[in-house]
Protein chains: 2
Amino acid sequence: MSFFKDIEILKLKNGEMNLELDRVVIEKSLRIFIDDIEYIVILMSPENVHEFLVGFLFVEGIVDKVSDIKSIKIDEESAYIELKKENKINKNFFARVLGSSCGKGSMIYNEELELKGNISDGINNMKKLEENILYISSKLNSISDIFKETGGVHLSSLWSESELIFKYEDIGRHNSLDKMIGRILIDNVDLKDKIFFSSGRISSEIVIKCARIGINVIASRSAATNLAIELSKKHGITLIGFARGNRMTIY
Amino acid sequence: MSFFKDIEILKLKNGEMNLELDRVVIEKSLRIFIDDIEYIVILMSPENVHEFLVGFLFVEGIVDKVSDIKSIKIDEESAYIELKKENKINKNFFARVLGSSCGKGSMIYNEELELKGNISDGINNMKKLEENILYISSKLNSISDIFKETGGVHLSSLWSESELIFKYEDIGRHNSLDKMIGRILIDNVDLKDKIFFSSGRISSEIVIKCARIGINVIASRSAATNLAIELSKKHGITLIGFARGNRMTIY
């Protein structure tokens, strides 16, 4: 699988029209079954599907750790997840989750979801953090080949000071973060001094996902919404927007 | 209600940190009840909620026209929709829709959804269309005050040649299109010669929504995904990406 596909397009430039091959971002559907129940259909970039599934199950509140999952099978169109016996989804729970966490972001309303929030003792060197964040912002283009090539993906990256730990890309902003969270769980990464840098806008759902896994610092080149700012405060997360050049906004 | 809220932030610029007031985009949750059944929770910009609801019900396949809706009541946190007797959701249908159209874009898999596709006889003046699209692209910043001010919203606009008919903004790309589609239905706009111009990436769901209402031309400054391109072809929709300056890509 790949992020791209070459297709024939007509390119107009300076009034001249030419038939060319162009790279476009692949969008694929993945039908997710949990314990033989069809749970959801996700549109995504078909890369790092395993990490995505682990992260998705975690942020949806279906599992609390990797070992709650018995098996994951992935084929061209679907993913089949089996949970350990003690974690089996009962159908009532399933209906509730589907109803409330369904769709355009209502995970936030699942009040039973356990959120870690900030797991550090606070930031003891703000100056150093600011430097690191501006450095990361300046590096973002060079680490994202796919974004450069097609302009059509979102990037979620995890940093230790100014060092990139890993990055995940997807046509969906949420998917790229779910992939990153899946990898954090699989590798059991200590998040205490880590920075999450996103290529996109920070909305409430992004903050909830970060609070669920225990990310302390969220940074972006883009804006944050009021609800994202409120939730960050509530969970003790440092939220930084518009980090580019020599400026940033600390909410 | 408003798109904005002023909040206190710390602004770092050239190494100097100042406490300032900054405008942030408001993100609000709206719990939607249809015939007393809780259907979904949407995170959105709390403007033009009525248009949004009409458009949302239509693209979800719950209604086919405005007159299928008996009443809409909107309060601070929820919307209550009552359908006409003959359109009442039966719970089986509801469960199916919820299961398949739930979440990150599976409307595409609801095979019973009626799609109009291209309703015109094709484009008879491609040269003129190209000119209009580049003109629209050049005007996009000046018609979007909110985008300019906070950098945090998506814009969906409908044009007749080079004239703006209306535009809708929202923190969600899908929401802004649903609002526009709601308005098209309410005003019963003839879409034959109209151009839909989006500020964001064109994914498969955007194309499906356009095919459902009968939009013939989709244009954007950004990229389109492979699935969006395939679906546009299938439904006879002209899809144009990267329209900016003096260039564009015709898929």
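Scroll up a little and you will see the structure.
Residues numbered from 1 in each chain as written. Chains lettered and ligands numbered in written order. Predicted model: local features only at pLDDT ≥ 70, side-chain atom pairs only at ≥ 80, totals over all residues. Heavy atoms only, no water.

**Q** Provide a residue-level description of the packing of aromatic side chains, including the pertinent values.
**A** Under the counting rule described, the total for this entry stands at eight aromatic pairs over all chains. Centroid distance B:Phe33 to B:Tyr80: 5.2 Å. Interplanar angle 10°. Geometry classified as stacked. Placement of the pair is B:Phe33 in strand E3 (residues 28-34) and B:Tyr80 in strand E6 (residues 78-83), with a sequence separation of 47 residues. Judged by relative accessible area, which is 17%, B:Phe33 ranks as buried. An angle of 25° between the planes, with centres 5.6 Å apart, marks the rings of B:Phe52 and B:Phe56 as stacked. Of the two residues, B:Phe52 and B:Phe56 are both situated in helix H1 (residues 49-59); the distance of four residues between them amounts to about one turn of the helix. Overall, B:Phe52 belongs to the buried group, its relative accessible area being 0%. Of the aromatic side chains, those joined through ring pairs into one cluster are A:Tyr39, A:Phe52 and A:Phe56. Over the face of the ring belonging to A:Phe58 we find A:Arg212, whose NZ or CZ atom lies 4.1 Å from the ring centre. (Phe/Tyr/Trp six-rings, centres within 6.5 Å; stacked < 30°, edge-to-face > 60°. Helix = DSSP H or I, 4+ residues; strand = E, 2+ residues; numbered from the N terminus. Buried < 20%, exposed > 50% of the residue type's maximum accessible area, 1.4 Å probe, protein only. Lys NZ or Arg CZ within 6 Å of the ring centre and 35° of its normal.)

**Q** Describe the sheet that holds strand E12 (residues 247-250) of chain A, listing the residues and the values that go with them.
**A** Ordered in space as E8(A)-E7(A)-E9(A)-E10(A)-E11(A)-E12(A)-E1(B)-E2(B), the eight strands form an open sheet in which the pairing is mixed. Whereas interior strands pair on both sides, the edge strands pair on one side only; in this sheet they are strand E8 (163-170) of chain A together with strand E2 (16-25) of chain B. Averaged over all adjacent pairs, the angle separating strand axes in this sheet is 25°, with direction ignored. The strands that helix H3 (residues 126-143) of chain A touches are strand E7 (154-160), E8, strand E9 (194-198), strand E10 (217-220), strand E11 (238-244) and E12 of chain A together with strand E1 (4-13) and E2 of chain B; relative to E11(A), the one it contacts most, it runs at about 50°. (Pairing = 2+ DSSP bridges. Axes fitted to C-alpha atoms, helices over the stretch in contact; angles between N-to-C directions. Contact = heavy atoms within 4.5 Å.)

**Q** Give me the packing of H1(B) against helix H5 (residues 173-187) of chain B: which residues, what numbers.
**A** Residues and elements named next belong to chain B. Their axes nearest at 6 Å, the elements H1 and H5 cross at an angle of 90°. Comparing the axis directions of H1 and H5 gives the class roughly perpendicular. Across from His50, Glu51, Phe52, Val54, Gly55, Phe56, Phe58 and Val59 in H1, the residues of H5 making contact are Asn175, Asp178, Lys179, Ile181, Gly182, Arg183, Leu185 and Ile186. Class assignment for the residues of the contact of H1 with H5 results in eight nonpolar, four polar and four charged. (Parallel < 35°, antiparallel > 145°, perpendicular 65-115°, else oblique. Nonpolar A, V, L, I, M, F, W, Y, C, P; charged D, E, K, R; others polar.)

**Q** Please give an account of the interface of chain B and chain A that cites residues and values.
**A** With 60 residues of chain B at the interface, the matching set in chain A holds 61 residues. The tally of links between chain B and chain A comes to two salt bridges. The salt bridge involving B:Glu230 is made with A:Lys5; its shortest N-O contact spans 3.5 Å. Inspection of the region where chain B meets chain A yields 16 residue pairs in polar contact (both at pLDDT 80 or more). Per element, the largest residue contribution to the side of chain B that touches chain A is seven residues, and it comes from E1(B). Across the side of chain B that touches chain A, the residue classes break down as 27 nonpolar, 17 polar and 16 charged. Taken together, the four bridges between E12(A) and E1(B) define a ladder with antiparallel strand orientation. Looking at E1(B), one finds that A:Ile250 is bridged to B:Leu10. (Salt bridge = Lys/Arg side-chain N within 4 Å of Asp/Glu carboxyl O. Polar contact = N/O pair within 3.5 Å; in protein donor to acceptor, adjacent residues only side chain to side chain.)

**Q** Lay out helix H6 (residues 204-213) of chain B in plain terms, naming residues and giving numbers.
**A** With respect to burial, H6(B) is a largely interior element, 10 of its 10 residues being buried. Among the residues of H6(B), those classed as buried are B:Ser204, B:Glu205, B:Ile206, B:Val207, B:Ile208, B:Lys209, B:Cys210, B:Ala211, B:Arg212 and B:Ile213. The elements touched by buried residues of H6(B) are strand E4 (37-44) of chain A together with H1, H5, strand E9 (194-198), strand E10 (217-220) and helix H7 (226-234) of chain B. Within two residues after H6(B), B:Gly214 carries a phi angle of roughly 100°, on the positive side.

**Q** Lay out a nonpolar patch on the surface with the relevant residues and their values.
**A** A contiguous nonpolar surface patch, about 250 Å² in accessible area, is contributed by A:Leu10, A:Met17 and A:Leu19. Residue placement: A:Met17 occurs in strand E2 (residues 16-25). (Patch = residues over 30% accessible without salt bridge, like charges linked within 9 Å, V, L, I, M, F, W, Y side chains within 5 Å. Areas by Shrake-Rupley, 256 points an atom, 1.4 Å probe, with all protein chains shown as cover.)

**Q** Pulling in residues and values, what's your account of the pattern of salt bridges?
**A** Residues and elements named next belong to chain A. One pass over the structure, following the stated rule, counts 26 salt bridges over all chains. A salt bridge links Lys179 to Asp170; its shortest N-O distance comes to 2.7 Å. The pair formed by Lys179 and Asp170 is uniform in burial state, with each residue classed as buried. Linking Arg183 and Asp187 is a salt bridge whose minimum nitrogen-to-oxygen distance equals 2.7 Å. Of this pair, Arg183 and Asp187 both sit in helix H5 (residues 173-187), four residues apart, roughly one helical turn. For Arg183, a relative accessible area of 26% puts it in the partly exposed group.

Worth remembering: the numbers are spatial, not functional.
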